[in-house]
Amino acid sequence: MAHPIPPTAPDQVQLLTPDGRRVAHPDYRLDAGPDLLRALYRDMTVARRIDAEGITLQRQGELALWPSLLGQEAAQVGAAHALAGDDHVFPSYRDHGLALCRGLDTLKLFALFRGVSNGGWRSAEHNFHLYTLVIGSQTLHATGYAMGAAMEDAGSAVLVCFGDGATSQGDVSEAFNFAAVYDAPVVFFCQNNQWAISEPNHRQTRVPIHQRAAGFGFPGVRVDGNDVLACLAVTRAALERARTGQGPMLIEAYTYRMGAHTTSDDPTRYRDAAEVEEWTRRDPIARLRAHLELEGLADATFLAGVDEAAEAAALRVRQGVRTMADPRPEAIFDHIHADGHALVDEERAEFRAYQASFAGAESR
C-alpha cells in the first residue's frame, strides 16, 4: 500500500519558506544577522559533507556502519545554535551536526562506527553526552540529569534528541511523565524524519507527535524541521523556558530522512521515489542558501570558502579513519572500575590465557 506524501504541516512554526523568503511568526521571532546566517550555512554544509564521507568510508569497508543525517541538518544545527555553553545535550546516534557544533572531535564519532572504541568521550568537555544506540533510553538519562541540575539550581537546561520511532518506546513516555511531574528543565527534541527504519509515521501514531505533550501536562510545538531559523528560534525559546523553571517542552521538528536509516538499509524497498523527490525540493541547505543570495549575503568567494572548509573536514576524517589504530584486545577490561576489581582481574587473566592458546600467539 502506497504511503501518502506527507504534506507541509499547517500548524508548524516556519520563519523561512522553501524558496528562501523570511516570514514572521507571532510567537517565535529571531533576529538573525549576517554572521549568524553564514555560520548556520557553514555548519550545515560541513555536517552534510562529513556525513557523505561516512557513507563512502563504510562502502569502502572502513566503517562497520554509518547512520546518515542527510536532510536533517537544519534541525540539528538550528538546535545546536540555540544552546548555551552550560546546557547539556543527550544525543541519539545520528546527531553528527549537533556533535560538530558542540565542538566534539568528529573522529571520535567515527571511532565508534569503526569499532575501535566503545564510543567513549569525555562528556564534560563539551556537555555533549555519549551516543545512545538503545532506542529512546537517553530520554530517561536526560530527564534524570535535568532533575539533578534543578536540585542544584544550576541554571542550565538539557536538550535530548530522538527520532519519531523512539516515541513508540515506553522509556520516552516515562521520561515525559517524570519531567512533567518534577518540572525538569529538559527540552525533548524529536526529529520526526517520517520513517522508523521501514515503518512510516501513520503506522506509529494516530496523532501528531507534538500533541502527546499535552497528555503529560506540558506544551508541545511542531516546527518546520527543514527551516534552520525556525528550529533555532523555537529551541532557544524552549531552553530559556526550561532554565527559568517553567518545566519541559516537546519540540517536533518535522523533517525527512533523505537517505537510508543506516548503511545496512535499502529504503527503495519501502519508500516511494515521488516522496523523496517532494522532500528534495524542501532541502534545508538550499533553502538557506537561497535566502543568503536573495539578501546579498553570500557571494562566490564565501560559498567557495565554505565548500573548501567542508572538503578539508572530509579529508581529515578520511585520513583519520584510515590511520586509526586497533585497540589492544585486553582494552575491553580497562576502565570498568576506577580502583580495579578482583573479578575483572580474573576475567582479564582468563582472556590472556585464551589468547595465548592460539598457534603463533607468542609471535604476535
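Up top you'll find the structure we're talking about.
Calculation criteria
- Residue numbering note: each chain is counted from 1, following its sequence as written.
- Reporting in this predicted model follows two pLDDT cut-offs: at least 70 for local features of residues, and 80 or more for side-chain atom pairs to be given and counted; totals over whole chains, interfaces and linings ignore these cut-offs and use all residues.
- To obtain the side-chain values, all non-hydrogen atoms of the structure were used and water was disregarded.
- Two strands qualify as a pair provided DSSP detects at least 2 bridges between them.
- Only DSSP runs of H or I covering at least 4 residues are called helices, and only runs of E covering at least 2 are called strands; the numbering of each starts at the N terminus.
- Orientation is described by axes fitted as lines to C-alpha atoms, over the contacting stretch for helices, and by angles from 0 to 180 degrees between their N-to-C directions.
- Throughout, a contact is declared for two residues whenever any of their heavy atoms are within 4.5 Å.
- If an angle is under 35 degrees, it is roughly parallel; if it is over 145, roughly antiparallel; if it lies from 65 to 115, roughly perpendicular; otherwise it is oblique.
- Amino acid classes used here: Ala, Val, Leu, Ile, Met, Phe, Trp, Tyr, Cys and Pro are nonpolar; Asp, Glu, Lys and Arg are charged; the rest, including Gly, are polar.
- Cysteine sulfur atoms are paired as a disulfide whenever they come within 2.5 Å of each other.
- Residue burial is assigned from relative accessible area. The probe radius is 1.4 Å, only protein chains are included, and a residue is buried under 20% of its type maximum, exposed over 50%, and partly exposed in between.

Enquirer: Explain the sheet that holds strand β3 (residues 186–192) here, please?
Expert: What links the strands of a sheet is backbone hydrogen bonding, and the strands pair in either a parallel or an antiparallel sense. Read from one edge to the other, the open sheet built from five strands follows the order β1-β2-β3-β7-β6, with strand pairing classed as parallel. Strands with a single pairing partner mark the edges of an open sheet, and in this sheet they are β1 (88–90) and β6 (220–224). Neighbour-to-neighbour, the strand axes of the sheet open up by a mean angle of 20°, direction not taken into account. Bridging between β1 and strand β2 (residues 158–163) involves three bridges; their strand directions are parallel. Pairing of Phe90 across the sheet is with Val160, part of β2. Contacting β1, β2 and β3, helix α6 (residues 137–151) runs over the sheet at an angle of about 170° to β2.

Enquirer: Honestly, the packing of helix α1 (residues 34–59) against helix α9 (residues 228–243) in this entry has me stumped. Any pointers?
Expert: The description of two packed helices rests on the angle between their axes and on the distance between the axes. At a minimum axis separation of 11 Å, α1 and α9 run at an interaxial angle of 110°. As far as their axial angle goes, α9 and α1 are roughly perpendicular. Contacts between α1 and α9 involve Leu36, Leu37, Leu40 and Met44 on the former and, on the latter, Val228, Leu229 and Leu232. Looking at side-chain class alone, the contact of α1 with α9 contains seven nonpolar, no polar and no charged residues.

Enquirer: Explanation requested: the state of the cysteines in the structure shown.
Expert: Evaluated as defined, the whole model comprises zero disulfides. Of the cysteine sulfurs around Cys101, a residue in no disulfide, the closest is that of Cys161, at 11 Å. Of all cysteine sulfurs, the one in Cys190 lies closest to Cys161, which takes part in no disulfide; the gap is 9.8 Å.

Enquirer: Just checking my understanding: could you explain the environment of Gly54 for this structure?
Expert: One can find Gly54 in helix α1. Its relative accessible area of 0% is what places Gly54 among the buried residues. Spatially, the C-alpha atom of Gly54 lies 8.4 Å from that of Pro67, the residues being 13 residues apart in sequence. Aside from chain neighbours lying at most four places away, what touches Gly54 is Leu63, Trp66 and Phe110.

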